[in-house]
Amino acid sequence: MKINKENIESVNKKVAENHLNQFDFLANSLDQKNIDVDKLVSELSDFQVAIPSWALGAGGTRFGRFSFYGEPSSLEQKIEDVGVIHSLTQTAGAISLHIPWDVPEDYNAIKELAAENDLIFDAVNSNTFQDQKNAKESYKFGSLSNVNKPPREQAIAHNIEVVEIGKKLGSKSLTVWLADGSNFPGQNNFQTALKHTEDSLKEIYKNLPEDWKMFIEYKPYEPNFYSTVIQDWGTSFMLANACGEKAYTLVDLGHHLPNTNIEQIVSTLMLKGKLGGFHFNDSKYGDDDSTVGSVKPYSLFLIFNELVYGMRNNPQNPYPAWMIDASHNVKDPLEDLVQSLEAIQEAYAKALLVNQDELKQAQLNNDVVLAQELLQDAYRTDVRPLLAQARLARGGALNPIQAYRSLDVRRSLIEERGRHTVASGL
Ligand code: LRH
Ligand code: MN
């Protein structure tokens, strides 16, 4: 299934006039605030988010999984599906692979197919939270933190192998997330587990190419429900510093205990030059991996406000990696990912509307009311015409969900793949 320019133009024609009216109205009001609309539109269209290869089929929980038919059952089909999302949104120009769920058979063919779909390979993800068939050692009681050396060495070797796979694809970063932890008090010696983890990460770090980054992802709980070795940003930050300048902290929005001030964590990591990137999603309770911006859109806006400030004031922090990490229990995975991309772009656009200089002045004057007025004026601006214009500028759809449906993509995928294909992943 490929969506070509003609398909996009045919669906855009129906909504073009309405878009132009809305865009002109917004552009005029922003112009009056001396906001450079053309610069905004180009910043938005340059903002590319990586799609996780493990979130292109129906997700599920231990209570059940409901297929969505026409799911991709090969890496090739996954790349085609990300290609569909990118054709519609023009903001999904990368795919992030999870190993061993997505090991390429023919690297050149895979790279060619990605290029045909205007995609690059973002971070590669290792997996030491599941035992592979015929694996010599089990990760039941941990991987890089395991009390026994053989499983630690097996996990280190796996991460080094993942880097080798990434190098062949042109990826430039490795994401390490550990399920390692314990389910009961007394089960683990916390210090031993952390020391093993640090030493193991340093072994992996030694094998990182000069121009690569290592992202250390933290999570407070699940699948372990008493302790997790890399439980919070501070532990990840400490381990990244222990490894070296190529190691950074990765912030998965769903990996925080309720009411955690994530935007403050982001600002601290940027100040310290250790914010590597994001796994965007949303959640009401735990690591729900819901559609971005579907539960706490204001919190996402506040995070992007810190990112915009940090990207202008913290040259010590590299350009962050933008990735989605979500799973789809009831929505069409492709529509869900399109909605997430829209929410990310919306939060970024609203944050770009914040007058950072006036905000700084209000903060210096302890003018609390004005500070909130400046933030909420930006947040209350309907920026959707800007997002549509940014897509249009790159040949994308003015209304991606509408285009996806009027082009009947899911029915074509089911015709092509049948109703019983299952995507590897979560
Ligand atoms: C862990 C996590 C991690 C991935 C996995 C698919 O919850 O966020 O990023 O490896 O999901
Ligand atoms: Mn994640």
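Just above sits the structure.
The model shown is predicted, which means the values in this text are computed figures rather than measured ones. (Residues numbered from 1 in each chain as written. Chains lettered and ligands numbered in written order. Predicted model: local features only at pLDDT ≥ 70, side-chain atom pairs only at ≥ 80, totals over all residues. Heavy atoms only, no water.)

A. Structural detail: the packing of helix α10 (residues 333-352) against helix α13 (residues 384-393). Relative to each other, α10 and α13 sit at 115 degrees, their axes nearing to 9 Å. Taken as axis vectors, α10 and α13 run roughly perpendicular relative to one another. In this structure, α10 meets α13 at a crossing whose hand is right-handed. Residue-level contacts link E342, Q345, E346 and A349 of α10 to R384, L387 and R391 of α13. A class-by-class count of the residues in the contact of α10 with α13 yields 2 nonpolar, 1 polar and 4 charged. (Axes fitted to C-alpha atoms, helices over the stretch in contact; angles between N-to-C directions. Helix = DSSP H or I, 4+ residues; strand = E, 2+ residues; numbered from the N terminus. Parallel < 35°, antiparallel > 145°, perpendicular 65-115°, else oblique. Left-handed = near helix turned anticlockwise from the far one by under 90°. Contact = heavy atoms within 4.5 Å. Nonpolar A, V, L, I, M, F, W, Y, C, P; charged D, E, K, R; others polar.)

B. Up close: the side chain of R410. You can see R410 is positioned in helix α15 (residues 409-417). Classification of R410 as buried rests on a relative accessible area of 11%. Looking at R410, its side chain comes within polar contact range of the side chain of D332, at 2.9 Å. The contact partners of R410, leaving out residues within four places of it in the chain, are F68, Y69, G70, E71, D332, P333, L334 and Y404. (Buried < 20%, exposed > 50% of the residue type's maximum accessible area, 1.4 Å probe, protein only. Polar contact = N/O pair within 3.5 Å; in protein donor to acceptor, adjacent residues only side chain to side chain.)

C. Focus on the packing of helix α1 (residues 5-31) against α13. Contact geometry for α1 and α13: axes closest at 9 Å, N-to-C directions at 120 degrees. Taken together, the axis directions place α1 and α13 in an arrangement best described as oblique. Read as a crossing pair, α1 and α13 show a hand that is left-handed. Between α1 and α13, the residues in contact are N12, H19, Q22, F23, L26 and L30 and P385, L386, A388, Q389 and L392, respectively.

D. Representation of α13 within the structure. Of all 10 residues making up α13, 7 are buried, and the element is well covered by its neighbours. Among the residues of α13, those classed as buried are P385, L386, L387, A388, Q389, A390 and R391. Elements that come into contact with the buried residues of α13 comprise α1, α2 (37-45), α3 (75-89), α10 and α14 (400-406). Just downstream of α13 lies G395, where phi reads positive at about 85 degrees.

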